[in-house]
Structure formats: structure tokens, C-alpha cells
Amino acid sequence: MPSPLVRRMAGFDATIFAEMTALATRHGAVNLGQGFPDTDGPRVMLEAAKAAIDAGRNQYPPGPGVPELLEAVAAHQRRFYGLELDPGSQVLVTVGATEAIAATVLALCEPGDEVVTFEPYYDSYAATIALAGAVRRTSVLRFPDFTVDEASLRAAFSPRTRMVLLNTPHNPTGKVFSREELELVCGLAREHDAWVVTDEVYEHLVFGGSTHLPVATLPGMSERTLTISSAGKTFSATGWKVGWVSGPPEAVAAVRAVKQFLTFVGSGPFQPAVAVALGLPDEAYAGIAASLEGKRDLLVAGLHKAGLRVSVPQGTYFVIADVAPLGAVDALEFCRELPARAGVAGVPVSVFHDDKEAAVTLVRFAFCKRDEVLLEAVRRLEGARLA
Ligand code: PMP
Ligand code: GLN
């Protein structure tokens, strides 16, 4: 039989998250690989989902999303960023941010169009760009600062640039893009008349003095920006898969046209529950970030103690460490062995790169775990030096 997988998906057969979680399960390892919290989100949100099921909201919700969630997303963008959106035409609910990304890239890109993105990139970006038959053009963010390199960013743009696919706060680096960096990206997007699609799923997971700047708030950007977010990260509900995309009405309509044939709709009773969560007071959001900041500090301190060089993240729930001092020469091999050898799972950063050399010994660890779990992981890593 000929190979069943289309050529444009070659190399995208299994995600690193599935592979590392399977290894962690098999070896009973502490899973700091795939990014999901090990505690539940706000109790009122969980109760609202149960109430929605009991109230019979178990059939197809409306295609664009349930009205109270569309309203809640618009109210959220107004409350936190001063952005005005018409819930009826400028917001679309999706099955997680993953579907929002896929539907957006498939809706906006013709085969051969170029998409500029930074590497390391979230894995679904590369796969989705490939599915669309588009071409990714990247600029590398380098450990340990991950600052934007202007020359390579400029070089990534061309007359074929259709879209910039940005992610801030950034997975896997934990970087929060500065105003200057975003202005550089946006200036180039305007120069090339490109769309900017900005994945802001970690918008509330920002630490210390750092501030998340939504791209749509920058001058002249709201008319060419599609903003994506999700309840998974903010409210510790990664399994609910409730995401959304917002932006100019014509662009949202284009994304909706594709989205309706991917899933039509999803997450019925979870949608009104996420609307409840989005309406929580500012202190609830601040509490989520503060608790995570403590976990960041705990894991960073532990990784230092284990002798590793670490890039301290300003946002997200990931930290990148250089595992060379543990004797690693190739992080992919190292991560494949680590669950069995030390009882810890991480993710090799090189899988998010075209330029694998930029991350040969870098590993991403997730810190969205209970403190005792993080402490146990650190204890195990301290004993993980290769013979
Ligand atoms: N974008 C980024 C940067 C992510 O880290 C993730 C994973 N949470 C997603 C998108 C996917 O989000 P969701 O689980 O809502 O589909
Ligand atoms: N976003 C999560 C991460 O980066 C994982 C999502 C997934 O498993 N596809 O770890």
C-alpha cells in the first residue's frame, strides 16, 4: 500500500507531548513535559459546567459560540486592554486555541504563501502551515535571552509574506515580547501588508515587572490582527478545549467559514462555564499569576541547584534549561532516556526548531504542578548526571 499520510504532513506524525507523556506514564516519572496543571481551576467555573449539563445544554451550541461566552470575551478584552469588539461579528469560539490557529491559517493562506514566525515555535504552527500548503519563514530566538534578532526577522519577510504568526507570552521560551520588539514586528507586517495572528493563550500568566502587550492594542494594528486565546491556560482547564479568536469582522468571518467544516462547534456545556470564569474579578486573575510565579521561582531555584543554566521566564508556565552539565549532548536523546533513568520528563526544545543547532542541549520543563511535585522532580534531577 502507498503511504497513507499526505506528503505535506511528513514528519508530523506524533507530537512530542504525546511521546513524552507516554514515556512518563510508562516509567512513573514526574511529568514536566506536556504543559498541563495538576490542580483544577476556579470552583465556580467547575460548578457552572455541571449546572450547564444539568440544565440540558448538551446539544450543538450555536456555530460562532454561545452568546454569553461571546459577550464575556468582548468584555474581557475591554476590561483588560481597552479593546472594543462586537461580540456578534468580531469573536468566534473554537475548540481550543489549536483549532483557532488551524482555522485561521487555513482561512487566510493560499498554497505558497509565506508565514513569518519565531523559532522555537509551538508545534502546531509548523504542522498547520504545512497543512495549508504555505511556507514557514523563521527568525531564531536564542537562549538565554531570546531577544528578537532584527536582521534575521527582516530577512524572513518577502513579497510573498501573507501572515506573521506570533506568540506572546511565548511557549516554550517564557519570553514576553517587549513593546519595541512588537513594534518592529508590526512595522514589518504593515510594510508587507501582512496579517498578524497573535497567540496570546498565556496572556494572564506573566510575572514580576513584565507586562503582556496585546498586539491589537498597538497603533494601526487592530484592523490587521487576529487575536487567539483559550481558557485552558488561564483557568487550568486544558481538557475543556475552549478557545476563541477575535479581530476585524471580515477576518473573523473568514476563519468561521473554515472552522465550521473542521468541527462545526464544540465544548457545549463548557462554553457558559468559561464565560463565568472570564467574569471573575481582577484579583482572581492576579492570584493565578502569583501562585504560578511562586512555582516558577521554586523550579528555577531547583534547576540552579542541580547545576543547570536557566533562562528565567517572564511568563507562561515553562522554563528552559541547558542540560549539558548533566552530561547531555543531544536533548532529544536525553529526554527520551530521562523518564527511565531519573523519573522525570521534559521536552527537548530542538523539536520546535528548524535550526536544531540553536537548541541542542536545551530542555523545557513545565512548572504548573503542585509544589511537592516540583520539589520531587528537582530532587530526582539532582541525581540525574549521566555516567
Ligand atoms: N498555543 C500555545 C502557545 C500553546 O502553548 C498551546 C497549548 N496550550 C496552544 C496554543 C493550544 O491551546 P489549546 O489547548 O487551547 O488548544
Ligand atoms: N500546549 C501544551 C504544551 O506546550 C501541550 C499541548 C499538547 O499536548 N498538544 O505543553
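Above this text you will find the structure in question.
What you are looking at is a predicted structure, and each value in this text was computed from that prediction instead of being measured. (Residues numbered from 1 in each chain as written. Chains lettered and ligands numbered in written order. Predicted model: local features only at pLDDT ≥ 70, side-chain atom pairs only at ≥ 80, totals over all residues. Heavy atoms only, no water.)

A word on the sheet that holds strand 13 (residues 362-366). Within the open sheet, the 4 strands sit side by side as 9-10-13-12. Their pairing is antiparallel. Of all strands in the sheet, those with a lone pairing partner are strand 9 (309-311) and strand 12 (347-348), marking the two edges. Judged from the 5 bridges that link them, strand 10 (residues 318-322) and strand 13 form a sheet pairing that is antiparallel. Along strand 13, the bridge assignment pairs Asp-322 with Leu-362. (Pairing = 2+ DSSP bridges. Helix = DSSP H or I, 4+ residues; strand = E, 2+ residues; numbered from the N terminus.)

A few words now on the pairing of strand 5 (residues 161-167). Of all 7 residues in strand 5, 6 are buried; the element is thus mostly enclosed. Judged from the 4 bridges that link them, strand 3 (residues 114-119) and strand 5 form a sheet pairing that is parallel. In the sheet register, Val-115 faces strand 5, and the bridge partner there is Met-163. One ladder, built from 5 bridges, connects strand 5 with strand 6 (residues 195-199); its direction is parallel. (Buried < 20%, exposed > 50% of the residue type's maximum accessible area, 1.4 Å probe, protein only.)

Bringing helix 13 (residues 331-342) into the picture now. Given a rise of 1.5 Å per residue, 12 residues ought to cover 16 Å, yet the end C-alpha atoms of helix 13 are separated by just 14 Å, more than 12% below that figure. Listed as buried for helix 13 are Ala-331, Phe-334, Cys-335, Leu-338, Pro-339 and Ala-342. Here the buried residues of helix 13 occupy an arc of 135° about the axis, which is enough to place them on one side. Where the residues of helix 13 are buried, they touch helix 1 (16-27), strand 11 (344-345), strand 12, strand 13 and helix 14 (371-382). (Expected span 1.5 Å × (residues − 1). Arc of directions from axis to C-beta. Contact = heavy atoms within 4.5 Å.)

What follows deals with the site of ligand 1. What surrounds ligand 1 is a group of 13 residues, the closest being Thr-98, Asp-199, Tyr-202, Lys-233 and Lys-241. A distance of 2.7 Å is found between an oxygen atom of ligand 1 and a side-chain nitrogen or oxygen belonging to Ser-230. Within the complex, 94% of the 390 Å² of free accessible area of ligand 1 lies under protein. If one sorts the elements of the shell around ligand 1 by residue count, helix 5 (residues 96-108) sits on top with 4 residues. Among the residues making up the shell around ligand 1, the classes are represented as 5 nonpolar, 5 polar and 3 charged. (Near = heavy atom within 4 Å. Polar contact = N/O pair within 3.5 Å; in protein donor to acceptor, adjacent residues only side chain to side chain. Areas by Shrake-Rupley, 256 points an atom, 1.4 Å probe, with all protein chains shown as cover. Nonpolar A, V, L, I, M, F, W, Y, C, P; charged D, E, K, R; others polar.)

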